[in-house]
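Working through the structure, step by step
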Amino acid sequence: MTKVLTDARSIRIKGRSFLAVMLSPDLPFDDWLVRLDDLAARSAGFFLGRPVVLDVSDLEIDRAQLKGLIAELAQRNVSIMGIEGCRPSLIGPGMPPALKGGRPVSDFEVPQQEPVIDVRTQPAAVETRPALQSIVIREPIRSGQSLIFPEGDVTIIGSVASGSEIIAGGSVHVYGTLRGRAMAGSVGNTSARIFCRKLEAELVAIDGIYKMAEDIAPSLRGQAVQLWLEGDSIKAEKLI
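Residues numbered from 1 in each chain as written. Predicted model: local features only at pLDDT ≥ 70, side-chain atom pairs only at ≥ 80, totals over all residues. Heavy atoms only, no water.

Here we look at the overall build of the protein
When you go through the protein residue by residue, the secondary structure sums to two helices and 16 strands. With 240 residues in all, the protein has 39% of them scored as buried. With an accessible surface of roughly 13,900 Å², the protein has 51% of that area assigned to carbon and sulfur atoms. (Helix = DSSP H or I, 4+ residues; strand = E, 2+ residues; numbered from the N terminus. Buried < 20%, exposed > 50% of the residue type's maximum accessible area, 1.4 Å probe, protein only. Areas by Shrake-Rupley, 256 points an atom, 1.4 Å probe, with all protein chains shown as cover.)

A look at the sheet that holds strand 1 (residues 21–23)
Through backbone hydrogen bonds, the strands of a sheet pair up, either in parallel or in antiparallel fashion. Here we have four strands laid out as an open sheet, ordered 1-2-3-4, and parallel in their pairing. In this open sheet, the two edge strands, each paired with only one partner strand, are strand 1 and strand 4 (98–99). Sheet topology note: the strand 2 (residues 52–55)/strand 3 (residues 80–84) ladder contains four bridges and is parallel. Paired with V53 across the strands is G82, a residue of strand 3. (Pairing = 2+ DSSP bridges.)

A word on the sheet that holds strand 14 (residues 209–212)
Ordered in space as 7-9-11-13-14, the five strands form an open sheet in which the pairing is mixed. Strands with a single pairing partner mark the edges of an open sheet, and in this sheet they are strand 7 (146–149) and strand 14. Direction aside, neighbouring strands of the sheet carry axes that sit 5° apart on average. Bridging between strand 11 (residues 181–184) and strand 13 (residues 203–206) involves four bridges; their strand directions are parallel. (Axes fitted to C-alpha atoms, helices over the stretch in contact; angles between N-to-C directions.)

As for the confidence of the model for the protein
When pLDDT is averaged across the protein, the result is 78; 75% of the residues are at 70 or more. In this model, residues 104–132 is a region of pLDDT below 50 whose contacts with residues beyond four sequence positions or in other chains number 64 contacts. (pLDDT = per-residue confidence, 0-100. Contact = heavy atoms within 4.5 Å.)

Brief notes about the nonpolar core
Counting 28 residues, the largest nonpolar core has L178 and I194 as the members making the most contacts within it. By size, the runner-up hydrophobic cluster in this structure holds 20 residues, among which are L73, I80, I83 and C86. (Core = buried A, V, L, I, M, F, W, Y, C linked by side-chain atoms within 4.5 Å.)

Quick notes on the pairing of strand 2
With burial as the criterion, each face of strand 2 is covered, one bearing V52 and L54 and the other bearing V53 and D55. Chirality of the crossover, the property in question, places the unit of strand 2, helix 2 (residues 63–75) and strand 3 among those that are right-handed. (Right-handed = clockwise from strand over helix to strand, strands pointing away.)

Concerning unusual backbone geometry
Going from L27 to P28, the amide bond is cis rather than trans, its omega being -5°. With respect to the element layout, P28 can be found in the loop between strand 1 and helix 1 (29–42). Residues other than glycine seldom take positive phi values, yet N77 does so here, at roughly 60°. Checked against the element boundaries, N77 lands in the loop between helix 2 and strand 3. For D207, which is not a glycine, the phi torsion comes out positive at approximately 50°. When you line up the elements, D207 lands in the loop between strand 13 and strand 14. The exposure class of D207 is partly exposed, given its relative accessible area of 29%.

Structure below.
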């Protein structure tokens, strides 16, 4: 018996871009996982709910090593959505798919009237410049909020609460107390800086290089500070 399909309803398929965290492990994996555990222990929930891409470019590994690494990450609640830079022969059944052609977030086509901003609770008020090079948030960033702007600088007129985070493609300016996490230069901008009127941050990062609260000199705590990148180190000084 032949079934006649009369339902003309279509399936809606949309394209959409998402900002993912990229992890680039080093060999040996055991040593790299120790450093990852240190980051996770000192910044609880850093990977929770985040899409993560695993970059294994230029690593001489086999399928068993890659599968073992993914399993280790899964035990740490780091869910890998895709793998970049690996040979097709490394991907086995049940493993995340291979990705290629990843581009820096700043290359994505962005509507001229809408900045790329993700505030996961109630959004704060946003003021944009025509070229989408910066945004100004005129409200404090509350605990649990995540503000993401890969197109340029982020300026907060207020404080950034503990448990919140700012991710900017350019520099981060906080005209208040920075208690949460601030990540500048998220798309490879090594010249990005972090400025705040009062430094109480849980984590600061520039181009993937990070410092935790306990790594920051006590003399800088509670002070107006700027932070910048020199080589693989974050430098900081008081603002006069």
